[in-house]
Amino acid sequence: MSRATAPGQPPKASLREGLLAVAADLLAARGVAGLRLADVASRAGVSRQTVYNEFGNKAGLVQAVAVHRTAEYLVGVEERLGGATDPFDGMRDAITFMLAQAAEDRLVTSVVTGADAEDMLPFLTTRGLPVLLPATGMVAKHLRRRWPDLPDDRLHLAAETTVRLALSHLLMPSAPRDQAVEAMLAVARAILPRVA
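The present account deals with the structure reproduced in this document.

Rules of the game
Residues numbered from 1 in each chain as written. Predicted model: local features only at pLDDT ≥ 70, side-chain atom pairs only at ≥ 80, totals over all residues. Heavy atoms only, no water. Salt bridge = Lys/Arg side-chain N within 4 Å of Asp/Glu carboxyl O. Helix = DSSP H or I, 4+ residues; strand = E, 2+ residues; numbered from the N terminus. Buried < 20%, exposed > 50% of the residue type's maximum accessible area, 1.4 Å probe, protein only. Core = buried A, V, L, I, M, F, W, Y, C linked by side-chain atoms within 4.5 Å. Contact = heavy atoms within 4.5 Å. Phe/Tyr/Trp six-rings, centres within 6.5 Å; stacked < 30°, edge-to-face > 60°. Lys NZ or Arg CZ within 6 Å of the ring centre and 35° of its normal. Polar contact = N/O pair within 3.5 Å; in protein donor to acceptor, adjacent residues only side chain to side chain. Expected span 1.5 Å × (residues − 1). Axes fitted to C-alpha atoms, helices over the stretch in contact; angles between N-to-C directions. Parallel < 35°, antiparallel > 145°, perpendicular 65-115°, else oblique. Left-handed = near helix turned anticlockwise from the far one by under 90°. Nonpolar A, V, L, I, M, F, W, Y, C, P; charged D, E, K, R; others polar.

## Some words on the pattern of salt bridges
Here's step 1: Under the criterion given, the structure shown has 11 salt bridges.
Here's step 2: Between Arg-16 and Glu-54 there is a salt bridge, and its shortest N-O distance comes to 3.0 Å. You can see Arg-16 sitting in helix 1 (residues 12-30) and its partner Glu-54 sitting in helix 3 (residues 48-55), a full 38 residues away along the chain.
Here's step 3: Among the residues examined, Arg-16 registers a relative accessible area of 30% and is labelled partly exposed.
Here's step 4: You can call Glu-54 buried: its relative accessible area is 15%.
Here's step 5: Ionic contacts of the salt-bridge type, sharing partners, join the residues Arg-30, Arg-36 and Asp-39 into one network.

## Focus: the nonpolar core
Here's step 1: Membership of the largest hydrophobic core comes to 36 residues, with the highest contact counts inside it found for Val-77, Leu-81, Met-91, Leu-99, Leu-143 and Leu-192.
Here's step 2: Broken down by secondary-structure element, the contributors of at least two residues to this core are helix 4 (58-82), helix 5 (87-104), helix 7 (129-146), helix 8 (152-171) and helix 9 (177-191).
Here's step 3: In terms of residues, this core owes the most to one element, helix 5, which gives eight residues.
Here's step 4: For Leu-99, the contacting residues outside a window of four places in its chain are Ala-166, His-169, Leu-170, Arg-177, Val-181 and Met-184.

## Some remarks on the packing of aromatic side chains
Here's step 1: Tallied over the entire structure, the rule returns one aromatic pair.
Here's step 2: In this structure, Arg-80 packs its charged tip against the face of Phe-97, placed 3.9 Å from the ring centre.

## Regarding the environment of Asn-57
Here's step 1: Along the polypeptide, Asn-57 turns up in the loop between helix 3 and helix 4.
Here's step 2: In this structure the C-alpha to C-alpha distance between Asn-57 and Leu-37, which are 20 residues apart in sequence, comes to 7.9 Å.
Here's step 3: Aside from chain neighbours lying at most four places away, what touches Asn-57 is Leu-37 and Tyr-52.
Here's step 4: Among the polar contacts made by the side chain of Asn-57, one reaches the main-chain amide nitrogen of Gly-60 at a distance of 2.7 Å.

## Thoughts on helix 4
The α-helix advances 3.6 residues per turn, and as a result positions three or four apart in sequence lie on the same side.
Here's step 1: Relative to the 36 Å expected for 25 residues at 1.5 Å per residue, helix 4 spans 36 Å between its end C-alpha atoms, a close match to the ideal helical length.
Here's step 2: When we look at burial in helix 4, the residues that qualify are Leu-61, Val-62, Ala-64, Val-65, Ala-66, Arg-69, Thr-70, Tyr-73, Leu-74, Gly-76, Val-77 and Leu-81.
Here's step 3: Its side-chain oxygen 3.2 Å from the backbone nitrogen of Ala-59, Asn-57 forms the N-cap of helix 4.

## Describing the packing of helix 5 against helix 8
Here's step 1: Taken N-terminus to C-terminus, the directions of helix 5 and helix 8 make an angle of 30 degrees; their axes are 11 Å apart at the nearest point. Between helix 5 and helix 8, the crossing angle belongs to the class labelled roughly parallel. The interaxial crossing formed by helix 5 with helix 8 has right-handed handedness. Contacts between helix 5 and helix 8 pair Met-91, Ile-95, Met-98, Leu-99 and Ala-102 from the former with Thr-162, Ala-166, His-169 and Leu-170 from the latter.
Here's step 2: Class assignment for the residues of the contact of helix 5 with helix 8 results in seven nonpolar, two polar and no charged.

## Focus on the side chain of Thr-70
Here's step 1: Along the chain, Thr-70 falls in helix 4.
Here's step 2: Side-chain polar atoms of Thr-70 contact the backbone oxygen of Ala-66, separated by 2.8 Å.
Here's step 3: Residues within four places of Thr-70 in sequence aside, it is in contact with Pro-130, Val-131 and Pro-134.

Shown next, in the form of structure tokens:
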């Protein structure tokens, strides 16, 4: 009988999560240019080949960090969207959560401010589909539960617009967080039908 991991070795999921955590810390401190898979391996206590086997190359590792971090945020966002009776209250809670979490996230702060990780900015802009698509899909799913008869194009417009506005405020805030959240909700209310 074969084993997925050798005795004394951590399970594959925890190995991957450990590597992603180390890589996120190094990315926050050094950016993509300063990230070395050998440093990730050394800090995680594994061989460099283990990191290559798990992610392929540096680009694969950076992409995996972006996808993993996005998934972590979306868990909290989904909880808040589904936890409110009024869909707009859920949106308010979810956007507020996302912006507050991002303000405390060292990697996101480095990306947004350009401090230490300025070359990560494209992962929220020009190469941001791994963030945009799952976030938009999750918001669209939430909206579909609340507005089952809304035409698909209008529903997708509302979901994507809300996500893009939240990312835009994250990257370039123009107002205090509470005001920005209410402005985003005003746009969503203009696109979506009134709640019965």
